[in-house]
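Below, each chain spelled out in residue letters.
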Amino acid sequence: MNPRNSIWKDVLALNTYLARCQSVLQAGKPDNDILLYWPICDYWSEPAGLNQDLTVHGTGWLRGQPVGQVASILWKKGYAFDYISDRQLAQAKAGSSGVSLPGGTYRAIVVPPVSFIPLQTLQTLHHLAQEGAAVLFVDKLPSDVFGLNDLKTQRKTMQALMESVTWETSVQSGRAASVGKGRFYVNADLETMLQSAAVRRESMVDYPGIYYIRRSDDAGYWYFITNQDEQFIHNPATPYLNDWVKLSIKAESVVMMDPLTGKSGLAASRQTAEGQTEVYVQLEPGQSVILRALKTAAASDAKWDYYQTAGQPIALEGLWKVRFTDGGPAIPASFETQSLASWTVLGDDNARRFAGTARYSLVFDKPDIEAESWTLDLGRVADSAEVFLNGQNLGTAFTTPFKIRVPSSLLKASGNLLEIDVTNVAANRIRDMDINKVVWKNFHDTNFVNIDYKPFDASTWPIRDAGLLGPARLIPLSKIQLDKPAPEQANNLPTLWIIGDSTVKNNTRGLQGWGDPIAAYFDTTKINVKNRALGGRSSRTFQTEGLWDKVLSEMKSGDFVLIQFGHNDNGPLNTGRARASLHNNSDDTQEVVMEATGKTEVVYSYGWYLRKYITDAKAKGATPIILSLVPRNMWDREGKTVNRATNDYTLWASQAAKQGGADFVDLNDIIADHYEVFGQEKVKTEFFLEDHTHTTPAGAKLNAASVVEGLLGLKDCALCKYLLADGIKPQQ
C-alpha cells in the first residue's frame, strides 16, 4: 500500500480503526479458559507418515482431524481456548487457580479423541490432575503410547498409570475420577464435561454471526465483539443484534466503544441472579464493538446512546451530479443520473478502467418528520465513501454497513447539500494494464505470482463494480432509554425461535443453513430472530440433550417457533451417535440400552417428538410451525426430478402438525420444485459442495426464501405480519 494506490486517500480511516482494535487486542493478557491438546503423534501415525504439509490455504490437516472437530465445537459454543503441544504441556503447572503457563491460567485441559500419545505427556496430564487440574478426554482415553522405543516397558507403565485411576460411573453418559486434587473426565459429550468442570462459556455466540475475543487485566476485562460470521463476505445477512447480551463475568460497570468512530459511553448493564453481567448491545451485520468490563464503577458517567428506528426509511431521490476528481489512467467524463449504479456500466471505457475518486452531489430537502437523530444509509458502496453534509465532514465508511450517523441539527429545512467522495480499489485498472500488456510489476528481487504460484495475470478478471450503488436513504431514529434497572425493550418484542439440524444452522466453511439468512426477511425492530438449531441433532436428541429445554426457558407468550428435523432421525437407536427416532407418527415406544452409558432410554416416534414440541410451545403461549425436512441433492436417473420424502418424514411431519393443531409448511416440496426449475447442474454447482445435504450460502438463501414462501401460503399466518414489506425478497 502506497500513495499511488487509489484507495490511499481513505487508508487513514482504516488504519485508525485498526489502531483502536489493536490497542485493545494487545492490552492485558489472553483470558482463555481451555488448553486444547494437539495430538501431533496421531497425525504422524497416519499412513502418510511424517512428511505432511501443514499448509495455510489448505486446512484439511486441521479440520479433518479430531482436534479440528473439537476446536470447531469449542468455537461455536463460545469456549475460549489455546492449542498446546506436548513440549508446551511439559512446562505447565497446576494449582487451585487452574493450569498455569507463561501465556495465562486455564481452567481445564481438553484432550481430543487420540489413539497414540507420548508416555511423558500422559504422565504430565496425570501429574497436573494430581495438583488440581481438570483433564477432559473427549470420547475415549488414549489407547497406546507413541513410538517403538522400549515399547513393552512403556506400555506396561501406561497400563499401570491408567489402572491407578478409580473411575466413577455416576456421571451422565460418561466417566469421571478424582486424581489427587483434580479430576479426569471421559465423555463423548464435550459440553457435559465442560459444565462438570465449571468451565465458562460466552453465550453471546448463540446469536447468529456473533464472535468475540476476551482479554483481562487488573482492572477488568476487554471484549472485542463482531457480528460477522465465516461466510459474511458472501452472505452479509447475519441478523441485527439488538438485545441484552450475557457476559460470562461479573462487572460493576461496562464502557462501550465503537472502534470505527472512536465514540464511547457507559453501556446499559445489569446483574443476573447467577451473578453474571448483561449488557445491552446493538450490532448491525458487519459492525464490531469493544466492551470494557470494569470491576469498579467507570470514571465517567457519560452514557452510550441507544437508538431505534422511528419511521420508514426515506429514499434520497433527485438528480445526482457525479464528477471524477482524482485517479487514472484518464479522468472519465462527468455525468448526471436519477438512479445510482456502477460507473462501469456507463459505456465509457475510461470509467471501466478507472481507479480513483468521484464526487457524488445531491441537493435535497429535510424529510417532513421529526427525529432525534438520523442514519444516512448509503446502501452498496464500491469501495469507500467520505461523506460531507452541508460542508461538514461526517466521516468515512469503508466497510459494511455503509451507514453514517447524521445529527438532526445539521439538516436544514431545504437545500441540503450531500457530497460523497467515493473511491474504488485498483482492480479494474490492474485488469486493464494486464490486458494491454503494460509493464507495471517492477519487482527485481521477488517473483510476482498468484495464489497458485503461477505468473500473476489480471487480464481475465471480471469488471468490478465501482462507485455509489445505493440505494441512499435517510432513516429517522429515536433514543431508547435504558437506565438501570433497564426496561427490556428487545425482550418485550416477540421472538421467532428456529430449531433444527445442520440444514438450519451450519457454520462449516463454505456451508450454511437457512436459519441464518432468513432473519433478513423480518423487521427486526418488531421481532427478534434467534436461530438455536444445532448440527447433528435429531427430533429426539434436541430434546434429550436439553437443547429444547434451554429454548423453552426463554420462550414467552406471543413468540413463534419454526421446527424442522428429519435428516438425522435415521440410523441406530442406541449405538454410535444414537440419535434415531422410531420411523412413524405413532405413540409406539422402544426401550433401549445406550451403548455409551449403559443406561436405559425410552425412544419415541419422529411424529411423537414433533407433537411434544408443539405441546410445549403452546403451553408457553407461543405459536409452533412445523416444517418438513429440506430435500437432498438427489435426483432420478434422468436428472429431471428431485427425490422427495413424500411418503415418510414429510408425511409424518404433516400428520403430527395436524394432530397438534399447528401449521405445516411442506418445505420438501417447495424447494424441490425450485431445484427442478434451476436444473440439476446449477443446483449441484451453486447450492451444494461435496455432499448432498448441506447447502452453500446461496443454497441457504434459496431455502430461506422457500420458508418465507411457505409461510405466506398459510392461511391467517400471524408470523407473516413481521415480514418486511418487500415480500419474499431479502434485504440487500
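You'll find the structure just up there.
Residues numbered from 1 in each chain as written. Predicted model: local features only at pLDDT ≥ 70, side-chain atom pairs only at ≥ 80, totals over all residues. Heavy atoms only, no water.

Trainee: What am I meant to see in the environment of Tyr 613 here?
Mentor: The residue Tyr 613 is located in helix α14 (residues 606-619) in this model. For Tyr 613, a relative accessible area of 0% puts it in the buried group. In this structure the C-alpha to C-alpha distance between Tyr 613 and Ser 196, which are 417 residues apart in sequence, comes to 28 Å. (Helix = DSSP H or I, 4+ residues; strand = E, 2+ residues; numbered from the N terminus. Buried < 20%, exposed > 50% of the residue type's maximum accessible area, 1.4 Å probe, protein only.)

Trainee: Is there a simple way to think about the pattern of salt bridges in this case?
Mentor: When the charged atoms of two side chains with opposite charge come close together, those side chains can pair. This structure, assessed with the given rule, holds 36 salt bridges. We note a salt bridge from Asp 33 to Arg 200, for which the minimum N-O separation is 2.9 Å. With Asp 33 in the loop between β1 (29-30) and β2 (34-37) and Arg 200 in the loop between α8 (190-196) and β13 (210-217), the pair connects residues that are 167 residues apart, well separated along the chain. With respect to class, Asp 33 is no different from Arg 200; both count as buried. Where Lys 550 meets Glu 191, a salt bridge forms, and the shortest distance between an N and an O atom there is 3.9 Å. Placement of Lys 550 in helix α13 (residues 547-554) and of Glu 191 in helix α8 is noted, with a sequence separation of 359 residues between them. Classification of Glu 191 as buried rests on a relative accessible area of 14%. One network of salt bridges, in which partners are shared, links Asp 31, Asp 33, Arg 107, Arg 200, Glu 202 and Arg 214. (Salt bridge = Lys/Arg side-chain N within 4 Å of Asp/Glu carboxyl O.)

Trainee: Explain the nonpolar core here, please?
Mentor: Soluble, globular proteins show a tendency: their nonpolar side chains are buried together. Core analysis: the largest hydrophobic core is formed by 39 residues, its most contacted members being Trp 514, Ile 518, Phe 522, Leu 562, Leu 711 and Leu 719. When residues of this core are traced back to their parent elements, those giving at least two are β34 (495-500), β36 (560-564), β39 (623-627), α16 (667-678), α17 (680-687) and α18 (697-712). Top contributing element to this core by residue count: α18, with six residues. Among all residues touching Leu 719, those that are not within four sequence positions of it are Leu 496, Phe 522, Ile 527, Phe 560, Leu 562, Ile 625 and Leu 711. Core analysis: the next-biggest nonpolar cluster, separate from the first, contains 35 residues, Leu 362, Ala 397, Val 406 and Val 422 among them. (Core = buried A, V, L, I, M, F, W, Y, C linked by side-chain atoms within 4.5 Å. Contact = heavy atoms within 4.5 Å.)

Trainee: Sorry, what's going on with helix α7 (residues 151-163) here?
Mentor: Helical periodicity: at 3.6 residues per turn, an α-helix aligns residues three or four positions apart in one direction. Look at α7: 18 Å from first C-alpha to last across 13 residues, which is about the 18 Å you get at 1.5 Å a residue. Among the residues making up α7, those that are buried are Gln 154, Met 158, Leu 161 and Met 162. The arc enclosing the buried residues of α7, seen along the axis, measures out at 90°, which places them on a common side. Exposed side chains of α7 directed beyond 90 degrees from the buried face belong to Lys 152, Lys 156 and Glu 163. On its buried side, α7 packs onto α6 (119-130), β10 (144-145) and β12 (182-187). (Expected span 1.5 Å × (residues − 1). Arc of directions from axis to C-beta.)

Trainee: Where do I start with the side chain of Thr 524 in this structure?
Mentor: With respect to the element layout, Thr 524 can be found in the loop between β34 and β35 (528-531). Thr 524 has contacts with Tyr 240, Leu 493, Ala 519 and Val 529, leaving out every residue within four places of it along the chain.

Trainee: Got a minute to help me understand the packing of aromatic side chains in this structure?
Mentor: Each pair of aromatic rings is reported with the distance of its centres and the angle of its planes. Evaluation of the coordinates by the stated rule reveals 29 aromatic pairs. Ring centres 6.2 Å apart and planes at 80° place the aromatic pair Trp 440 and Phe 456 in the edge-to-face group. Here the residue Trp 440 occupies a position in the loop between α10 (427-435) and β32 (467-470), and Phe 456 occupies one in the loop between α10 and β32, the gap between them amounting to 16 residues. Overall, the relative accessible area of 22% leaves Trp 440 in the partly exposed class. Ring geometry for Tyr 606 versus Tyr 649: centroids 4.9 Å apart, planes at 85°, classification edge-to-face. With Tyr 606 in helix α14 and Tyr 649 in helix α15 (residues 649-660), this pair connects stretches of sequence that are 43 residues apart. Positioned over the ring face of Trp 304 is Lys 263, at 4.7 Å from the centre of the ring. One cation-aromatic arrangement involves Arg 270 over Trp 244; the distance from NZ or CZ to the ring centre is 4.0 Å. (Phe/Tyr/Trp six-rings, centres within 6.5 Å; stacked < 30°, edge-to-face > 60°. Lys NZ or Arg CZ within 6 Å of the ring centre and 35° of its normal.)

Trainee: What's the story with the sheet that holds β2 in this structure? I'm lost.
Mentor: Through backbone hydrogen bonds, the strands of a sheet pair up, either in parallel or in antiparallel fashion. Strand order in the open sheet made by the six strands is β3-β2-β7-β9-β12-β11, with mixed pairing throughout. Because the sheet does not close on itself, it has two edges, and the strands there are β3 (81-84) and β11 (174-179). Within this sheet the neighbouring strands show an average axis-to-axis angle of 20°, counted without direction. Across five bridges, strand β9 (residues 134-138) lies against β12 in parallel orientation. (Pairing = 2+ DSSP bridges. Axes fitted to C-alpha atoms, helices over the stretch in contact; angles between N-to-C directions.)

Trainee: Sorry if this is basic, but what is going on with unusual backbone geometry here?
Mentor: The omega angle of the peptide bond from Thr 400 to Pro 401 is -5°, so this bond is cis rather than trans. Position of Pro 401 among the secondary structure elements: in the loop between β29 (392-397) and β30 (403-407). A cis amide bond, omega 0°, links Gly 470 with the succeeding residue Pro 471. Its location among the elements puts Pro 471 in the loop between β32 and β33 (473-480). Even without a glycine there, the phi angle at Lys 437 is positive, about 55°. Locating Lys 437 in the fold gives a position in the loop between α10 and β32. In this structure, Ala 578 is a non-glycine residue whose phi angle is positive, near 45°. Note on placement: Ala 578 falls in the loop between β36 and β37 (589-593). Classification of Ala 578 as buried rests on a relative accessible area of 8%.

Trainee: Would you take a moment to explain the pairing of β11 for this structure?
Mentor: Remember that side chains alternate between the two faces of the sheet whenever the strand is regular. Two strands pair when backbone bridges link them, and β11 and β12 are joined in this way by six bridges, in the antiparallel orientation. Residue pairing for β12: Arg 175 is matched across the bridge by Val 186. Hairpin connection from β11 to β12: two residues lie between these consecutive antiparallel strands, with Gly 180 at a positive phi of about 60°.

Trainee: Help me understand the packing of α6 against α7, please; the structure alone is not making it clear to me.
Mentor: Helix-helix packing: each pair is described by the crossing angle between the helix axes and the interaxial distance. Closest axis-to-axis distance for the α6/α7 pair is 10 Å, and the angle between their directions is 20°. By the angle class used here, α6 and α7 are roughly parallel. By crossing handedness, the relation of α6 to α7 is classed as left-handed. Residue-level contacts link Leu 119, Leu 122, Gln 123 and His 126 of α6 to Gln 154, Thr 157, Met 158, Leu 161 and Met 162 of α7. Classifying every residue of the contact of α6 with α7 gives five nonpolar, four polar and no charged. (Parallel < 35°, antiparallel > 145°, perpendicular 65-115°, else oblique. Left-handed = near helix turned anticlockwise from the far one by under 90°. Nonpolar A, V, L, I, M, F, W, Y, C, P; charged D, E, K, R; others polar.)

Trainee: What should I look at first to understand the sheet that holds strand β28 (residues 384-389) in this one?
Mentor: Reading across from one edge, β24-β23-β25-β31-β28-β29 is the order of the six strands in this open sheet, with antiparallel pairing throughout. Each of the sheet's edge strands pairs with one partner strand only, and the pair in question is β24 (335-337) and β29. Neighbour-to-neighbour, the strand axes of this sheet turn through a mean angle of 20°, independent of strand direction. With three bridges joining them, strand β23 (residues 320-328) and β24 adopt antiparallel strand pairing. Within β24, the residue paired with Val 322 across the bridge is Phe 335.

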